[in-house]
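Next come the chains, spelled out residue by residue.
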Amino acid sequence: MYFVKAIGQSFGYMLEKPPYTVVESKDGYEERKYAAAKWVSTTAQDMSQENAVNTSFRKLFTYITGGNELGEQISSYIQLRNVCASGSDLKRTKVDMTAPVATRIVPGAGPNCESTFTVSFYIPPKHQESPPAPKDNSVFIESFPEMTIYASGFGGFADDTKWIAHARELSEKIKDKNFHQEFYFTAGYDAPFKLFNRLNEVWFVKKDS
């Protein structure tokens, strides 16, 4: 087994992304309306987002590379630095990319409590209507409803501290808006070897009323 750098050289490609329209852009953030779409997800509880995403990613990677009822290779964008796979398997596997990798975070009840992280890969359009079921019972197909979000981006390499700081900054900018405060999303768009012009985002979901 090798720790394989999965897609470090891959970002000359156009990545498929979930469709949305920009409702408004102001003060360093966007209000966007996303169409309903299916994502493949798994959930982990941890004190650290990085740890939770690492654990969750491997499960989702297995799904998109054949760990599903049809044995099909499903497109996805691989965000993490390392993928645990055999060298021979990597040569046989072509992994197309979509973006972003989204993580829904429900913060823990206190400073020493684990948070709940649901990591999701966007299902590409050709599988949207009927994605194959996962073989792993901890991986599931999730239907994101049509939703309006407030999104703010930042560059560089993200870590737990930066995610929290930028989420706090966005929450201050939209404090007069009606949005869900019990959870938020992070979204990563870039390969681990991309050094410049990186994009990370935090999202808050607008309430329906």
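None of the values given here were measured: they were computed from a predicted structure.

Cut-offs used in this document
- Residues numbered from 1 in each chain as written.
- Predicted model: local features only at pLDDT ≥ 70, side-chain atom pairs only at ≥ 80, totals over all residues.
- Heavy atoms only, no water.
- Helix = DSSP H or I, 4+ residues; strand = E, 2+ residues; numbered from the N terminus.
- Buried < 20%, exposed > 50% of the residue type's maximum accessible area, 1.4 Å probe, protein only.
- Contact = heavy atoms within 4.5 Å.
- Areas by Shrake-Rupley, 256 points an atom, 1.4 Å probe, with all protein chains shown as cover.
- Polar contact = N/O pair within 3.5 Å; in protein donor to acceptor, adjacent residues only side chain to side chain.
- Pairing = 2+ DSSP bridges.
- Axes fitted to C-alpha atoms, helices over the stretch in contact; angles between N-to-C directions.
- Phe/Tyr/Trp six-rings, centres within 6.5 Å; stacked < 30°, edge-to-face > 60°.
- Patch = residues over 30% accessible without salt bridge, like charges linked within 9 Å, V, L, I, M, F, W, Y side chains within 5 Å.
- Salt bridge = Lys/Arg side-chain N within 4 Å of Asp/Glu carboxyl O.
- pLDDT = per-residue confidence, 0-100.

### Things to note about the overall build of the chain
(1) Moving on: Each helix and strand counted, the chain has four helices and eleven strands in total.
(2) Moving on: Among the 209 residues that make up the chain, the fraction classed as buried is 45%.
(3) Moving on: Partitioning the intrachain contacts of the chain with sequence separation of at least 6 by distance along the chain shows that 72% fall at a separation of at least 24.
(4) Moving on: With an accessible surface of roughly 11000 Å², the chain has 49% of that area assigned to carbon and sulfur atoms.

### Some details on the environment of N68
(1) Moving on: Tracing the sequence through the fold places N68 in the loop between α1 (49-64) and β5 (83-85).
(2) Moving on: Residues N68 and A133, spaced 65 residues apart in sequence, show a C-alpha to C-alpha distance of 5.6 Å.
(3) Moving on: Contacts of N68, omitting those with residues within four sequence positions, involve Y63, I74, P132, A133, P134 and K135.
(4) Moving on: Among the polar contacts listed, one links the side chain of N68 to the backbone oxygen of Y63, at a separation of 3.0 Å.

### Observations concerning the sheet that holds strand β11 (residues 200-205)
(1) Moving on: Taken in spatial order, the nine strands line up as β2-β3-β9-β11-β10-β6-β7-β4-β8 in an open sheet, and their pairing is antiparallel. Of all strands in the sheet, those with a lone pairing partner are β2 (20-26) and β8 (139-144), marking the two edges. Sheet twist, expressed as the mean angle between neighbouring strand axes with direction ignored, is 30 degrees.
(2) Moving on: By the bridge criterion, six bridges tie β2 to strand β3 (residues 29-34) in an arrangement that is antiparallel. Residue pairing in the sheet places K26 in a bridge with Y29 of β3.

### Considerations on unusual backbone geometry
(1) Moving on: Of note, the phi angle at D27 is positive, near 50 degrees, even though the residue is not glycine.
(2) Moving on: Locating D27 in the fold gives a position in the loop between β2 and β3.
(3) Moving on: For D27, a relative accessible area of 52% puts it in the exposed group.
(4) Moving on: With phi around 55 degrees, N197 is a residue other than glycine that occupies positive phi space.
(5) Moving on: Counting through the fold element by element, N197 comes out in the loop between β10 (184-188) and β11.

### Here's the deal with the packing of aromatic side chains
(1) Moving on: Applying the stated criterion to the full structure yields 13 aromatic pairs.
(2) Moving on: Note on Y34 and W203: the rings are 5.4 Å apart at their centroids and 40 degrees apart in plane angle, and the pair reads as tilted. Taken as a pair, Y34 in strand β3 and W203 in strand β11 lie far apart in primary sequence, 169 residues in all. W203 matches Y34 in its accessibility class, with the two residues each being buried.

### A look at the pairing of β10
The two faces of a sheet get side chains in turn, since along a regular strand they alternate between them.
(1) Moving on: Counting buried positions along β10 gives five out of five residues, so the element sits mostly inside the fold.
(2) Moving on: As judged from the four bridges shared by β10 and β11, these two strands associate in the antiparallel manner. Paired with F185 across the two strands is W203, which belongs to β11.

### Some words on a nonpolar patch on the surface
(1) Moving on: A contiguous nonpolar surface patch, about 340 Å² in accessible area, is contributed by F157, L195 and F196.
(2) Moving on: Following the sequence through the fold, F157 ends up in the loop between β9 (147-154) and α4 (160-173).

### Description of the side chain of Q49
(1) Moving on: Of note, Q49 is situated in helix α1.
(2) Moving on: A polar side-chain atom of Q49 sits 2.9 Å from a polar atom in the side chain of T186.
(3) Moving on: Q49 has contacts with T103, I105, F117, D160, W163 and T186, leaving out every residue within four places of it along the chain.

### Considering the confidence of the model for the chain
(1) Moving on: Across the chain, the average pLDDT comes to 84, with 82% of residues at 70 or higher.
(2) Moving on: Residue range residues 78-95 is modelled with pLDDT below 50. Its contacts to residues more than four positions away, or to other chains, number 53 contacts.

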